[in-house]
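For reference, the chains in residue letters:
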Number of protein chains: 2
Amino acid sequence: MSGAYAYSGSAISAIDDKGRLSVPAFLRKNLVESSDGRTLCLGTHEKWDCLVGFGLSRKADMLTEIDKQWEAAIARGESFDKDAAGARKFSSLQDLSFDASGRFILPPQLREIGQLESHVLFHGIGTTFCLWNPQTLLDTTDDVPVDRRLVEHHLKEAGEKSGGKSK
Amino acid sequence: MSGAYAYSGSAISAIDDKGRLSVPAFLRKNLVESSDGRTLCLGTHEKWDCLVGFGLSRKADMLTEIDKQWEAAIARGESFDKDAAGARKFSSLQDLSFDASGRFILPPQLREIGQLESHVLFHGIGTTFCLWNPQTLLDTTDDVPVDRRLVEHHLKEAGEKSGGKSK
DNA sequence: ATCTTACCCATAAAATCCCGTAAAATCCCC
DNA sequence: GGGGATTTTACGGGATTTTATGGGTAAGAT
């Protein structure tokens, strides 16, 4: 299972005028290891209103997973739509490279779908990590198992930095 | 599994007056690697109203896939028509070469079958990628698992560039 | 001669890289 | 264990490079 690393922890990061933002330092090391370079895979989350990120190797895992499902299906004489499965998983997924200082440009379509405005809350959830608009996350906490106090803390912190002109 | 690379991500690209269009940059690198040159294999999709593309090496993979299906079938005492499967997969397939700037000429018959007009939406689905008329894709999303918001974003983007004369 | 295809150049927009800085985290030595 | 020194981080801004796409033109094919 590719290194068996689990993403954890949380941090907030700002999007600048050029649409760039930096990957929090605590996630970077593993991205580099798991990607054999500075690559971040970013896509939309299947259920939540946020984005998901992980290193390249996870993408390869996803591919072999689909392959296994297909093989199991044909062995049973059933049909399995690989393309449908692939489309679901891969179509929104982009390979982004971040620079030596950890920054990457957030593609506009992902920014829009993830409802990301001025600040992004990163938080690890095991095999992947999520990118939320902190406010969106607060508004939907009921179904998303995240400690609300944590989000509020980061939000307050972000508000202070930008001198109150939040959002 | 041929390098275990997965095509992912999406982008829109315009067809010019000469029938040329450029392969989005993020797909190009892998096409070159997987084709040992600037070759793109393009054909019609078996189920969806779009085209499929991939690098040359994928053709070999497709053969072994058919083989696996055949083996699975006889293991269960069923019959499997290899020729029919091959015909379905390969007969529409063309090897096209793209130039240094990533452009190729879209053969008229594929253009017609793929219903491609002014703009083409490329999106990776793992082992291959699809080429859609964005409008067609929007009209059929029910059976095709692609994030509708993504398509809408690209369509809007394309409309802006061409100054509203979308089509 | 005409149509098609493969190059070549041009350009605007977008992405990438590089440098600078200030705040925060880490180290280190007494 | 405190307090300054050093390193890492987050972010701004400019410069260089890559893309996407228009348009021209020479080489083949019909």
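All values reported here derive from a predicted model rather than from experimental measurement.

Participant: So what exactly am I meant to see when it comes to the overall build of chain A here?
Facilitator: A tally of helices and strands in chain A yields six helices and eight strands. Its helices and strands taken in sequence order, chain A reads β-β-α-β-β-α-α-β-β-α-β-β-α-α from the N to the C terminus. The C-alpha radius of gyration of chain A comes to 17 Å, within 12% of the 15 Å expected for a compact globule of 167 residues. Seen through its principal axes, chain A has C-alpha atoms that stretch 60 × 35 × 30 Å. Classification of the 167 residues of chain A by burial places 36% in the buried group.

Participant: It is not clear to me how the packing of helix H2 (residues 56–75) of chain A against helix H3 (residues 82–90) of chain A should be interpreted in this structure. Could you clarify?
Facilitator: A pair of packed helices can be characterised by two numbers: the angle between their axes and the separation between those axes. All names here are of chain A. It is the contact of H2 with H3, at a shortest axis distance of 10 Å, that shows an interaxial angle of 155°. When the axes of H2 and H3 are compared, the pair comes out roughly antiparallel. Between H2 and H3 lies a crossing of right-handed hand. Counting all contacts with H2, which are made through Met62, Ile66, Gln69 and Trp70, the residues of H3 involved are Lys82, Ala85, Gly86 and Lys89. Considering only residue class, the contact of H2 with H3 consists of four nonpolar, two polar and two charged.

Participant: Help me out: how do you make sense of helix H1 (residues 25–35) of chain A in this one?
Facilitator: Because each turn of an α-helix spans 3.6 residues, side chains separated by three or four positions in sequence point in the same direction. All names here are of chain A. Here H1 has its buried residues at Leu27, Leu31, Ser34 and Ser35. On an axial view of H1, the arc spanned by its buried residues comes to 85°, and they lie on one face. Facing away from the buried side of H1 by more than 90 degrees, the exposed set consists of Ala25 and Lys29. Among the structural elements, strand E3 (39–44), H2, strand E7 (119–124) and strand E8 (129–132) are those in contact with the buried residues of H1.

Participant: I tried to follow the protein's contact with DNA strand C on my own but got confused; where do I start?
Facilitator: Around DNA strand C sit Ser97, Asp99, Ser101, Ile105 and Pro107 of chain A together with Lys18, Ser97, Asp99 and Ile105 of chain B, and that is every residue in its neighbourhood. Residue classes in the surface near DNA strand C are distributed as three nonpolar, three polar and three charged.

Participant: Even after reading the chapter, I still don't get the protein's contact with DNA strand D, so can you show me in this structure?
Facilitator: Among the 22 residues in the neighbourhood of DNA strand D, the closest are listed as Ala14, Asp16 and Ala25 of chain A together with Ala14 and Asp16 of chain B. Of the residues assigned to the surface near DNA strand D, the class counts are eight nonpolar, eight polar and six charged.

Participant: It is not clear to me how unusual backbone geometry should be interpreted in this structure. Could you clarify?
Facilitator: Glycine aside, negative phi is the norm for most residues, and most peptide bonds take the trans geometry. All names here are of chain A. Even without a glycine there, the phi angle at Asp36 is positive, about 55°. Among the structural elements, Asp36 can be located in the loop between H1 and E3. We classify Asp36 as exposed; it has 10 C-beta atoms within 10 Å. In this structure, Gln115 is a non-glycine residue whose phi angle is positive, near 55°. With respect to the element layout, Gln115 can be found in the loop between helix H4 (108–113) and E7.

Participant: I keep staring at the confidence of the model for chain A and nothing clicks. Help me out?
Facilitator: Regions with low pLDDT should not have their predicted coordinates read in detail. Residues and elements named next belong to chain A. Put simply, chain A has an average pLDDT of 88, and 91% of its residues get 70 or more. Averaged pLDDT values over the elements of chain A bottom out at 79 in helix H6 (residues 148–161) and peak at 96 in strand E4 (residues 51–54). Low pLDDT, under 50, characterises residues 163–167; the stretch is placed with six contacts to residues that sit more than four places away or in other chains.

Participant: What's the story with the interface of chain A and chain B in this structure? I'm lost.
Facilitator: One frequent convention defines the size of an interface as the accessible area lost when the parts assemble. Taken together, the 24 residues of chain A in the interface contact 26 residues of chain B. A total of eight residues in the side of chain A that touches chain B trace back to one element, the largest contributor, which is H2 of chain A. Of the residues contributing to the side of chain A that touches chain B, the split by class is 11 nonpolar, eight polar and five charged.

Participant: Is there a simple way to explain helix H1 (residues 25–35) of chain B in this structure?
Facilitator: Taken together, the buried residues of H1 of chain B touch strand E3 (39–44), helix H2 (57–75), strand E7 (119–124) and strand E8 (129–132) of chain B. Of the residues flanking the end of H1 of chain B, it is Asp36 of chain B, one or two places downstream, whose phi is positive at about 55°.

Participant: What's the story with the sheet that holds E3 of chain A in this structure? I'm lost.
Facilitator: What holds strands together in a sheet is hydrogen bonding between their backbones, with the strands either parallel or antiparallel. Residues and elements named next belong to chain A. Within the open sheet, the six strands sit side by side as E1-E7-E8-E4-E3-E5. Their pairing is antiparallel. The sheet is open, and its two borders are formed by strand E1 (10–14) and strand E5 (94–97), each paired with just one other strand. The sheet shows a mean angle of 30° between the axes of neighbouring strands, direction not considered. Pairing of E3 with E4 involves four bridges; the strand directions are antiparallel. What sits directly across from Cys41, in E4, is Phe54.

Participant: Is there a simple way to think about the nonpolar core in this case?
Facilitator: Most often, soluble globular proteins have nonpolar side chains that are buried together. Ranked by internal contacts, the top residues of the largest apolar core, which has 67 residues, are Leu131 of chain A together with Cys130 and Leu131 of chain B. Contact partners of Leu131 of chain B, with chain neighbours within four places excluded, come to Cys50, Leu51, Gly53, Gly114, Leu116, Val120 and Phe122 of chain B.

Participant: What am I meant to see in the environment of Gly55 of chain A here?
Facilitator: Residue and element names in this part refer to chain A. Structurally, the position occupied by Gly55 is in the loop between E4 and H2. For the pair Gly55 and Leu27, spaced 28 residues apart in the sequence, the C-alpha separation amounts to 9.9 Å. Contact partners of Gly55, with chain neighbours within four places excluded, come to Asn30, Leu31, Ser34, Ser35, Thr39 and Cys41.

Participant: Would you mind going over the sheet that holds strand E1 (residues 10–14) of chain B with me for this structure?
Facilitator: Residue and element names in this part refer to chain B. Strand order in the open sheet made by the six strands is E1-E7-E8-E4-E3-E5, with antiparallel pairing throughout. Edge positions in the sheet fall to E1 and strand E5 (94–97), since each of these pairs with one other strand and no more. Going from strand to strand, the sheet's axes swing by 30° on average, the running direction of each strand aside.

Scoring rules and cut-offs
Residues numbered from 1 in each chain as written. Chains lettered and ligands numbered in written order. Predicted model: local features only at pLDDT ≥ 70, side-chain atom pairs only at ≥ 80, totals over all residues. Helix = DSSP H or I, 4+ residues; strand = E, 2+ residues; numbered from the N terminus. Rg over C-alpha atoms; globule rule 2.2 N^0.38 Å. Buried ≥ 20, exposed ≤ 12 C-beta atoms within 10 Å, placed from the backbone. Axes fitted to C-alpha atoms, helices over the stretch in contact; angles between N-to-C directions. Parallel < 35°, antiparallel > 145°, perpendicular 65-115°, else oblique. Left-handed = near helix turned anticlockwise from the far one by under 90°. Contact = placed C-beta atoms within 7 Å. Nonpolar A, V, L, I, M, F, W, Y, C, P; charged D, E, K, R; others polar. Arc of directions from axis to C-beta. Near = placed C-beta within 6 Å. pLDDT = per-residue confidence, 0-100. Pairing = 2+ DSSP bridges. Core = buried A, V, L, I, M, F, W, Y, C linked by C-beta atoms within 7 Å.

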